[in-house]
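Listed here are the chains, written in short residue letters.
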Amino acid sequence: PDLLVGNNPTRGDGMPSPNRFFTNQGGALRYAPEYGLELETSFQGSLNASVGDLDKDGWQDLIVITPQQGLRVYHNEQGRSFTEVAASVGLGHSPQDVTLADVNGDGWLDVIEVEPSKLSVFVNKDGKFSSVFSTTLQYGYSLAAGDVNSDNRPDIYVMRGTDTAGNNAPDQVYLNDGSGSSFTQMSSIPSTSQGTPDSVAPIDYDGNGLTDFLVLNGGGENESGPGPVELIAFFGSTTGPTDPVPGPPRVTSTSPTANATRVAPTTDVRATFSEEMKVDNITGQTFKLTKKGATTKIAALVSYDASTDTAKLDPNRNLTSGVTYKAVITTGARDTTDTPLAKQYRWFFTVG
């Protein structure tokens, strides 16, 4: 993976302190200012960039929040550069924090935002975003998303800030009602009044397939002093199907293998999964082959063999010798409980 470093522009000596972007060159990181991300903006909220393919073009885009310019969306121009597109895709907002999740199960990453007084959800349709849910709250600070009740839809954890009495306000969880356009607040969750809000991260610490949340209350860069660390865990549910293999499905092997060379022009491309997948989700839209650096799909027949958990892409014509190809399996591929891949899987091979 590549690396984006968000720097704090408020230097004591007044010198510039822009963000830095580094590309991964086979294990070594190269400073790459030509990508257009060397900007004099600091991050706020979770202090992290959200990464995801927002328009399903096979390239990872970036979302960051800055105190000066609000939410910034950087569209990945096929690995060559990044273009800021927040306003044009319907995300010209200034939230406190943001995260990405497929709230309605359509295979497109949606945007969840929290402000001090509001929680909002924006659904992604073909790379454009529109509001489908909003509710008022107090002291909104940070957020995370994950499935806490095994219904295969992400729920929302809202970390709240300091209240008027100077205490750490109780956090809140909003349960996805299934459509992604309606959420119901849980009556209560364990919370602390000590410390100062910092950040919250989704994890599954016990491997039971339900999302837990690691909550830090040390104030982060505000340096307010020590505060408690909380692990908010969720156990068991009678809602939703049981996943025979806990967690999201994974690609466990491919043919040709990653970075293979001298591959026969007559080859078909195969990917084997960690568990049984839904047959109707393994299609030409979720399993694609292109020439490296191109976006046009190679015409092919895609099929799935449930007895071996293997998807096959059979090109209509022989592949071209001397050409490197990219195979992609998107997060639209789902297992039998409708759980998608955690992230897009891609690999390259060269025809001999």
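Reference entry: report on the structure contained in this document. The model shown is predicted, which means the values in this text are computed figures rather than measured ones.

### A short note on the sheet that holds strand β16 (residues 199-203)
In step 1: Taken in spatial order, the three strands of this open sheet run β16-β17-β18, and their pairing is antiparallel. Since the sheet does not close on itself, it has two edges, and those belong to β16 and β18 (229-232), each with one partner. Neighbouring strand axes in the sheet, compared pairwise and without regard to direction, differ in orientation by 20° on average.

### Points about the sheet that holds strand β24 (residues 310-315)
Sheet strands pair by backbone hydrogen bonding; their relative direction is either parallel or antiparallel.
In step 1: With antiparallel pairing, the four strands of this open sheet are ordered in space as β19-β21-β24-β23. Looking along the sheet, the strands with just one partner apiece sit at the ends: β19 (251-255) and β23 (300-305). Across this sheet, the average inter-strand angle for adjacent strands is 15°, counted without regard to direction.
In step 2: Of the pairings in the sheet, the one linking β23 to β24 comprises six bridges and is antiparallel in character. Residue pairing across strands places L301 opposite D314, the latter belonging to β24.

### Considering the pairing of strand β22 (residues 287-291)
In step 1: For β22, the tally of buried residues reaches four of five residues, placing the bulk of the element in the interior.
In step 2: Relative to strand β25 (residues 324-329), β22 is paired through five bridges, and the arrangement is antiparallel. Paired with L289 across the bridge in β25 is A327.

### Comments concerning the pairing of β24
In step 1: By the bridge criterion, four bridges tie strand β21 (residues 269-273) to β24 in an arrangement that is antiparallel. Note that in β24 the partner of V269 across the bridge is L313.
In step 2: Count of turn residues in the β23/β24 antiparallel hairpin: four residues, of which D309 carries a positive phi of about 55°.

### Brief notes about the pattern of salt bridges
In step 1: Throughout the structure, instances matching the rule amount to eight salt bridges.
In step 2: Across the pair D338 and R153 runs a salt bridge whose closest N-O atoms are separated by 3.5 Å. Of this pair, D338 sits in the loop between β25 and β26 (345-351) while R153 sits in the loop between β12 (140-146) and β13 (155-160); the two residues are 185 residues apart in sequence, bridging distant segments of the chain. Both residues of the pair, D338 and R153, belong to the buried class.
In step 3: Among the salt bridges present, the one from K278 reaches D338, with a minimum N-O distance of 3.5 Å. Taken together, the residues K278 in the loop between β21 and β22 and D338 in the loop between β25 and β26 connect sequence positions 60 residues apart.
In step 4: Classification of K278 as partly exposed rests on a relative accessible area of 27%.
In step 5: Salt bridges here are not isolated pairs; linked through shared partners, they connect D102, R153, K278, R334 and D338.

### With respect to the side chain of R160
In step 1: Along the chain, R160 turns up in strand β13.
In step 2: Buried and unpaired, R160 has no salt bridge, with D171 as the nearest side chain of opposite charge at 5.6 Å.
In step 3: Among the polar contacts listed, one links the side chain of R160 to the backbone oxygen of P170, at a separation of 2.5 Å.
In step 4: Among all residues touching R160, those that are not within four sequence positions of it are Q138, Y139, Y141, N168, A169, P170, D171, Q172 and P197.

### A word on unusual backbone geometry
In step 1: Cis geometry marks the peptide bond from S255 to P256, where omega comes out at -5°.
In step 2: Residue placement: P256 occurs in the loop between β19 and β20 (260-263).
In step 3: Backbone geometry at K56 places phi at a positive 55°, although glycine is not the residue there.
In step 4: Among the structural elements, K56 can be located in the loop between β4 (50-52) and β5 (61-66).
In step 5: Take K56: its relative accessible area is 28%, and that puts it in the partly exposed class.

Definitions and limits used
Residues numbered from 1 in each chain as written. Predicted model: local features only at pLDDT ≥ 70, side-chain atom pairs only at ≥ 80, totals over all residues. Heavy atoms only, no water. Pairing = 2+ DSSP bridges. Helix = DSSP H or I, 4+ residues; strand = E, 2+ residues; numbered from the N terminus. Axes fitted to C-alpha atoms, helices over the stretch in contact; angles between N-to-C directions. Buried < 20%, exposed > 50% of the residue type's maximum accessible area, 1.4 Å probe, protein only. Salt bridge = Lys/Arg side-chain N within 4 Å of Asp/Glu carboxyl O. Lys, Arg positive; Asp, Glu negative; His and termini not counted. Polar contact = N/O pair within 3.5 Å; in protein donor to acceptor, adjacent residues only side chain to side chain. Contact = heavy atoms within 4.5 Å.

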